[in-house]
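Listed here are the chains, written in short residue letters.
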Amino acid sequence: MNEQLDHYANKLAYETDSWDLKVAMEQGENVVVIDARSTEAYEGEHIPGAINIPHRQMNPETTAHLEGEALIVTYCDGIGYNASTKGALNMTRLGFRVKELMGGLDWWKRDGHSTESAVQSLKS
């Protein structure tokens, strides 16, 4: 029984879903959402407020501007892609507190949450 409890507690410690992320963002929690996909994919569509740091470019220099106490949430397109996992691994190695968004951008949209493009971001 304890082993199973540990398993589920560990999952929740390292993963989040779109509903919980949306609530955290709306409540002004100290969360930084990182789109770990390519710049081109990010510019086409992303979660509002997300920043783009492609997982291959995550290093001390590209993440130096991030607050160390923030919860980092990484995402990519969704099931079948692993940029969010690679991003979560990289950000954890860099010393950040990290969760991965389950289902990525796909599940974010399926839950009815809005997205934006780089063109829309520039107009805001």
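What counts and what doesn't
- Residues numbered from 1 in each chain as written.
- Predicted model: local features only at pLDDT ≥ 70, side-chain atom pairs only at ≥ 80, totals over all residues.
- Heavy atoms only, no water.
- Helix = DSSP H or I, 4+ residues; strand = E, 2+ residues; numbered from the N terminus.
- Rg over C-alpha atoms; globule rule 2.2 N^0.38 Å.
- Buried < 20%, exposed > 50% of the residue type's maximum accessible area, 1.4 Å probe, protein only.
- Contact = heavy atoms within 4.5 Å.
- Pairing = 2+ DSSP bridges.
- Axes fitted to C-alpha atoms, helices over the stretch in contact; angles between N-to-C directions.
- Core = buried A, V, L, I, M, F, W, Y, C linked by side-chain atoms within 4.5 Å.
- Polar contact = N/O pair within 3.5 Å; in protein donor to acceptor, adjacent residues only side chain to side chain.

Participant: Would you mind going over the overall build of the protein with me for this structure?
Facilitator: In terms of helices and strands, the protein carries six helices and five strands. Helices and strands in the protein line up, N terminus first, as α-β-α-β-α-β-β-α-β-α-α. Relative to a compact globule of 124 residues, whose C-alpha radius of gyration would be 14 Å, the protein shows 14 Å and is just as compact. Along the first, second and third principal axes, the C-alpha set of the protein runs to 50 × 35 × 30 Å.

Participant: Can you walk me through the side chain of Thr63 in this structure?
Facilitator: Following the sequence through the fold, Thr63 ends up in the loop between strand E3 (51-52) and strand E4 (71-75). Residue Thr63 is classed as buried on the basis of its relative accessible area, which comes to 4%. If we ignore the near neighbours within four places in the chain, the residues touching Thr63 are Ile53, Met91, Leu94 and Phe96.

Participant: What's the story with the sheet that holds strand E1 (residues 15-16) in this structure? I'm lost.
Facilitator: Note: strands within a sheet are paired through backbone hydrogen bonds, in either parallel or antiparallel orientation. One open sheet holds the five strands; their spatial order is E1-E5-E4-E2-E3, and the pairing between them is parallel. Looking along the sheet, the strands with just one partner apiece sit at the ends: E1 and E3. With two bridges connecting them, strand E2 (residues 31-35) and E3 associate as parallel partners. By the bridge assignment for E3, Asp35 is matched with Asn52. With respect to the sheet, helix H1 (residues 2-14) is in contact with E1 and strand E5 (97-101), its orientation differing from that of E5 by roughly 95°. Contacting E2, E4 and E5, helix H4 (residues 83-93) runs over the sheet at an angle of about 155° to E4.

Participant: Help me understand the environment of Ile53 in this model?
Facilitator: Mapped onto the elements, Ile53 comes out in the loop between E3 and E4. For the pair Ile53 and Thr85, spaced 32 residues apart in the sequence, the C-alpha separation amounts to 13 Å. If sequence neighbours within four positions are ignored, Ile53 has contacts with Ile34, Asp35, Ala36, Met58, Thr62, Thr63, His65 and Leu66.

Participant: I keep staring at the nonpolar core and nothing clicks. Help me out?
Facilitator: Nonpolar side chains tend to gather and get buried jointly when the protein is soluble and globular. Core analysis: the largest hydrophobic core is formed by 14 residues, its most contacted members being Ile34, Leu66, Ile72 and Met91. Mapped onto this core, the elements with two or more residues apiece are E2 and H4. When residues in this core are grouped by element, the largest group, three residues, is from H4. Leave out the neighbours within four places in its chain, and Ile72 touches Val32, Ile34, Leu66, Met91, Phe96, Arg97, Val98 and Lys99.

Participant: Mind showing me how you'd approach the side chain of Arg37 here?
Facilitator: Mapped onto the elements, Arg37 comes out in the loop between E2 and helix H3 (39-44). A relative accessible area of 8% means that Arg37 is categorised as buried. A polar side-chain atom of Arg37 sits 2.8 Å from a polar atom in the side chain of Asp77. Dropping the residues within four chain positions of it, Arg37 is found in contact with Tyr42, Glu45, His46, Asn52, Pro54, Tyr75, Cys76, Asp77 and Leu105.

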